[in-house]
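Here's the letter readout for the chains.
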Amino acid sequence: MRETGNPGNPVDEKIEEKDVSSAVAVAGHPLHAMSVHFPIALVVATLGADVFYWWNADPFWLRAGLWSSGFAFATGVAAGLAGTAELVLVPGIRGRVASWAHGVAAMMLISVAGLNWGLRLTAPDAVLPHGLLLSLLAAGLTGLAGWHGGKLIFHHGIGLMVSSRD
């Protein structure tokens, strides 16, 4: 379901003409769309570990938060590399404002996730309150990046494999 911003607008018409098929895909499945689920889930897991640590002070939650934040950062970097390649290589993606908004929000998220992991590596006692606050910020940025990513998929049809029913 594609939605044009302004019918009759020549800029929108030129952007709609450009190809939006994935340049970084395996068997037609875009790697970026397949990989973003991991950092999303791990950012939420880190926030959960911080809340549980705040609730009962069990050191297990410090270790869980360390691992989940580290993997959130690592998988975020991997998803970000695939997404950046798509942005650079596909003119139909590059020409949309939502692509840039998604990319900026995602890069901010990866930066915060890396800071959160680094904090846990160097100063585990700083998880309360600083790690918890970084986890809350990361969760908010996840929502923002996800909103714009969803807009790219559902409004602009980016990364969709549409085949005819024969």
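In this text the structure is predicted, and so the values were computed from the model without any measurement.

## Here's the deal with the pattern of salt bridges
A side chain of one charge can pair with a side chain of the opposite charge if their charged atoms are brought near each other.
Phase 1 of the analysis: Applying the stated criterion across every chain, the model contains one salt bridge.
Phase 2 of the analysis: In this structure, D50 engages R120 in a salt bridge whose closest nitrogen and oxygen atoms are separated by 2.5 Å. Of this pair, D50 sits in helix α3 (residues 37–56) while R120 is found in helix α6 (residues 97–122), placing the two residues 70 residues apart along the sequence. Side by side, D50 and R120 carry an identical accessibility label, which is buried.

## What about the packing of α6 against helix α7 (residues 130–154)?
Any two packed helices are characterised by the angle at which their axes cross and by the distance between the axes.
Phase 1 of the analysis: Packing of α6 against α7 brings their axes to within 8 Å, and their N-to-C directions diverge by 160°. By the angle between their directions, the pair α6 and α7 is classed as roughly antiparallel. Seen from above, α6 lies across α7 with left-handed handedness.
Phase 2 of the analysis: By residue class, the composition of the contact of α6 with α7 is 16 nonpolar, nine polar and two charged.

Parameters at a glance
- Residues numbered from 1 in each chain as written.
- Predicted model: local features only at pLDDT ≥ 70, side-chain atom pairs only at ≥ 80, totals over all residues.
- Heavy atoms only, no water.
- Salt bridge = Lys/Arg side-chain N within 4 Å of Asp/Glu carboxyl O.
- Helix = DSSP H or I, 4+ residues; strand = E, 2+ residues; numbered from the N terminus.
- Buried < 20%, exposed > 50% of the residue type's maximum accessible area, 1.4 Å probe, protein only.
- Axes fitted to C-alpha atoms, helices over the stretch in contact; angles between N-to-C directions.
- Parallel < 35°, antiparallel > 145°, perpendicular 65-115°, else oblique.
- Left-handed = near helix turned anticlockwise from the far one by under 90°.
- Nonpolar A, V, L, I, M, F, W, Y, C, P; charged D, E, K, R; others polar.

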